[in-house]
Amino acid sequence: INYKAIRQEAVDNIEVTYNGVIYQGDEDSQSRMSRAINGLPDNTTTIKWKAKDNSAHELNKEDLKQILFLASQEQTRIWFT
């Protein structure tokens, strides 16, 4: 059994729920969130973000940070179980 491949598949399918909305939390999505958080100008209050169901949502930097945190926590859980 290739446990690393099994874990990677689980990471590739991470989903997190934030404020009742499901967001993708795979590594590519985490990377996009991180870039958005780091690149969001101080005078910008919100950014449009797509949920898993393709619906658009207005999120602020703290929303994105929380979604990223949830996704990274799930990734850690997967790799250590």
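Reference entry: report on the structure contained in this document. (Residues numbered from 1 in each chain as written. Predicted model: local features only at pLDDT ≥ 70, side-chain atom pairs only at ≥ 80, totals over all residues. Heavy atoms only, no water.)

**What about a negative patch on the surface?**
Reasoning step 1: Taken together, the side chains of Glu9, Asp12, Glu27 and Asp28 present a region of like negative charge at the surface.
Reasoning step 2: Put simply, the parts of the chain that give the negative patch at least two residues each are helix 1 (3–12) and helix 2 (27–39).
Reasoning step 3: Note on placement: Glu27 falls in helix 2. (Patch = residues over 30% accessible without salt bridge, like charges linked within 9 Å, V, L, I, M, F, W, Y side chains within 5 Å. Areas by Shrake-Rupley, 256 points an atom, 1.4 Å probe, with all protein chains shown as cover. Salt bridge = Lys/Arg side-chain N within 4 Å of Asp/Glu carboxyl O. Lys, Arg positive; Asp, Glu negative; His and termini not counted. Charge placed at Lys NZ, Arg CZ, Asp CG, Glu CD. Helix = DSSP H or I, 4+ residues; strand = E, 2+ residues; numbered from the N terminus.)

**Some words on the pairing of strand 1 (residues 15–18)**
Reasoning step 1: What you see with strand 1 is a clean split: Val16 and Tyr18 sit on the buried side and Glu15 and Thr17 on the side with no burial.
Reasoning step 2: Between the end of strand 1 and the start of strand 2 (residues 21–24), which pair antiparallel, lie 2 residues, with Asn19 showing a positive phi angle near 50°. (Buried < 20%, exposed > 50% of the residue type's maximum accessible area, 1.4 Å probe, protein only. Pairing = 2+ DSSP bridges.)

**A few points about unusual backbone geometry**
Reasoning step 1: If you check the backbone angles, Asn19 has positive phi at about 50° while not being a glycine.
Reasoning step 2: The phi angle at Asn54 is positive, at roughly 75°, despite the residue not being glycine.
Reasoning step 3: Structurally, Asn54 is set in the loop between strand 3 (47–50) and strand 4 (56–59).

**Quick notes on the pattern of salt bridges**
Working definition: two side chains of opposite charge can pair if their charged atoms are close together.
Reasoning step 1: Within this structure, the stated rule accounts for 3 salt bridges.
Reasoning step 2: Ionic pairing is found between Glu62 and Lys65, a salt bridge with its closest N-O pair at 3.7 Å. You can see Glu62 and its partner Lys65 sitting in helix 3 (residues 61–79), 3 residues apart, about one turn around the helix.
Reasoning step 3: Of the residues examined, Lys65 reaches a relative accessible area of 40% and is grouped as partly exposed.

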